[in-house]
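Chain by chain, the residues run as shown.
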Amino acid sequence: MIKLLVTGGAGFIGSNFVRYALHAHPDWHVTNLDKLTYAGRRENLHDVMDNPRHTFVHGDICDAAVAGPLVEAAHYVVHFAAETHVDRSIMAAGDFIKTDVEGSFVLLEAARRSPNLKRFVQISTDEVYGSVPEGSSVETDELKPRNPYAASKAGADRLAYSYWATHDVPVIVTRASNNYGPYQFPEKILPLFVTNLMDNIPVPLYGDGGNIRDWLHVLDHCRGIDLLLHSGVNGEVYNIGGGNEVKNIDLTHRVLKLSNKGTELIKPVQDRKGHDRRYSLSSAKLKAMGWAPQVPFEQGLAETVAWYQQNEWWWRPIKERDPNYRAYMDAQYGKRG
Ligand code: NAD
Ligand code: TYD
């Protein structure tokens with residue numbers, strides 16, 4: 001049996017990847033190490049918690065006594081665990097440095113001692129390239145992260161690379177664009193906007209709404225990671241972009257239409273500090289290996305909007321009863337209101 005360790009597997013992408021891996025690889029056992037921060041939810045794993053090929057471990061990647069033995073037992077590690085929300089990193093960056101940088105360090109140290117490790121996938125992000133006024137980022141471009149989240153991810157990205165270059169740890173680094181799909185925490189633009197609109201609450205659009213993000217369906221992301229686990233080259237970096245560059249204002253209009261709501265529910269608010277104008281990835285390197293996004297954006301967006309509309313059980317307790325969520329929202333949007 002192949003042993004896969006997923007970190008952060010109770011979060012948005014991690015839980016989708018755990019589900020994907022259990023389904024795609026009947027001979028794999030998935031151990032899932034997650035601290036269950038505000039963003040990590042057991043509910044994200046409701047349909048796989050009882051799967052005998054899935055073991056959930058509630059623990060912190062910074063805790064070497066817990067994380068170390070799990071890495072040492074693994075054939076594959078896919079390391080998603082991180083603090084991920086840019087706006088929170090602007091308010092307070094300490095947890096980002098701790099988890100994203102130091103947590104990655106703890107896992108990489110353990111990887112040096114891991115006897116059967118075939119692959120350590122460091123999940124990085126397109127945000128490490130910084131804002132891209134024109135053209136598309138290739139893997140060899142300079143890293144110019146411009147917010148504390150992106151900088152912490154860039155630190156971990158290069159730290160992981162150094163463990164390949166120095167210690168021969170079988171590291172692959174992936175840099176994906178903005179993911180969308182089910183189980184995304186409702187502080188991120190898409191689930192926040194869809195769920196606000198269901199309650200006729202205005203959607204807070206930062207600045208002039210002209211910022212561009214490249215949207216990647218979470219399952220296309222999972223397929224890209226899987227391909228790299230099997231066929232990637234250690235020490236290499238791979239961009240994973242959806243190829244759907246959309247201005248936030250246009251995304252908002254699409255979500256309004258899918259929600260049967262009018263533009264009067266758009267509420268322009270103060271811009272994010274240091275707001276990156278545009279991200280754009282060239283995925284030519286991964287495409288040359290046979291990967292291509294399979295989910296057309298129109299279809300993926302409609303399905304995703306419908307998922308939040310049909311799964312109130314999942315998001316309403318967070319939005320209405322989670323004290324961490326309420327405190328964050330008041331701090332974030334109170335001042336912009
Ligand atoms: P998320 O915030 O939804 O989930 C993060 C998960 O990590 C949560 O389950 C949380 O409990 C867990 N976690 C946090 N700190 C931990 C710790 N110290 N120990 C163990 N677990 C911990 O994030 P996401 O959107 O699913 O992103 C997953 C990864 O993908 C991150 O590394 C992120 O940087 C990267 N990424 C995300 C996107 C995107 O659009 N969401 C795009 C590119 C890359
Ligand atoms: P977000 O979902 O936070 O992802 P990221 O910052 O990692 O790209 O934001 C996506 C875009 O949407 C970004 O340009 C900021 C913008 N945005 C808003 O306009 N309003 C919001 O309430 C949020 C959360 C984001």
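Residues numbered from 1 in each chain as written. Chains lettered and ligands numbered in written order. Predicted model: local features only at pLDDT ≥ 70, side-chain atom pairs only at ≥ 80, totals over all residues. Heavy atoms only, no water.

Draft legend 1. Local environment of the site of ligand 1. Around ligand 1, a shell composed of 28 residues is seen, among which I13, D34, T84, Y149 and K153 lie nearest. One nitrogen or oxygen atom from the main chain of I61 is found 3.0 Å from a nitrogen atom belonging to ligand 1. Look at ligand 1: alone it shows 830 Å² of surface, and the protein chains cover 97% of it. When contributions to the shell around ligand 1 are tallied by element, the ones reaching two or more residues are helix 1 (12-24), strand 5 (119-125), helix 5 (148-167) and strand 7 (178-180). Looking at the shell around ligand 1 element by element, the count peaks at 3 residues for strand 5. (Near = heavy atom within 4 Å. Polar contact = N/O pair within 3.5 Å; in protein donor to acceptor, adjacent residues only side chain to side chain. Areas by Shrake-Rupley, 256 points an atom, 1.4 Å probe, with all protein chains shown as cover. Helix = DSSP H or I, 4+ residues; strand = E, 2+ residues; numbered from the N terminus.)

Draft legend 2. Just the sheet that holds strand 5, in detail. If you walk across this open sheet you meet the 7 strands as 3-2-1-4-5-6-10, and the pairing is parallel. Each edge of the open sheet carries a strand with a single partner, namely strand 3 (54-58) and strand 10 (237-240). On average, each strand axis in the sheet is inclined to that of its neighbour by 20°, with strand direction left out of account. Against the sheet, helix 5 contacts strand 5, strand 6 (171-176) and strand 10, and its axis sits at roughly 155° relative to strand 5. (Pairing = 2+ DSSP bridges. Axes fitted to C-alpha atoms, helices over the stretch in contact; angles between N-to-C directions. Contact = heavy atoms within 4.5 Å.)

Draft legend 3. Geometry of the pairing of strand 9 (residues 212-217). Where burial is concerned, most of strand 9 is hidden: 6 out of the 6 residues are buried. Here strand 9 shows two buried faces, one formed by I212, D214 and L216 and the other by R213, W215 and H217. Sheet topology note: the strand 7/strand 9 ladder contains 3 bridges and is parallel. When the bridges of strand 9 are listed, N179 appears paired with L216. Direction of pairing for strand 9 relative to strand 11 (residues 245-247): antiparallel, over a ladder of 3 bridges. Across the sheet, residue R213 finds its bridge partner in strand 11, namely V246. (Buried < 20%, exposed > 50% of the residue type's maximum accessible area, 1.4 Å probe, protein only.)

Draft legend 4. Looking closely at the packing of aromatic side chains. Overall, the coordinates contain 15 aromatic pairs when judged by the stated rule. Pairing Y161 with W164 gives two aromatic rings, centres 5.7 Å apart and planes at 45°, and the pair type is tilted. Of this pair, Y161 and W164 both sit in helix 5, 3 residues apart, which is roughly one turn of that helix. Look at Y161 and you get partly exposed, because its relative accessible area is 31%. A network of ring pairs unites the aromatic residues Y183, W307, Y308 and W314 as a single cluster. Stacked on the ring of Y38, the Lys or Arg R88 has its end atom at 3.6 Å from the ring centre. Above the plane of the ring of Y328 lies R88, whose end atom (NZ or CZ) is 4.3 Å from the centre. (Phe/Tyr/Trp six-rings, centres within 6.5 Å; stacked < 30°, edge-to-face > 60°. Lys NZ or Arg CZ within 6 Å of the ring centre and 35° of its normal.)

Draft legend 5. Layout of the environment of V269. Counting through the fold element by element, V269 comes out in strand 12 (residues 266-269). The spatial distance from the C-alpha of V269 to the C-alpha of V246 is 19 Å, given a sequence separation of 23 residues.

Draft legend 6. Highlighting the sheet that holds strand 11. Taken together, the 3 strands give an open sheet; going across it, the order is 7-9-11, and neighbouring strands pair in mixed fashion. Only two strands of the sheet have a single partner each, and these edge strands are strand 7 and strand 11. Averaged over all adjacent pairs, the angle separating strand axes in this sheet is 50°, with direction ignored. Helix 7 (residues 218-231) contacts strand 7 and strand 9 of the sheet and is inclined by roughly 70° relative to strand 9.

Draft legend 7. A look at the side chain of T252. Tracing the backbone through its elements, the reader meets T252 in helix 8 (residues 248-258). Setting aside its immediate chain neighbours within four residues, T252 contacts F193, V203, L205 and I266.

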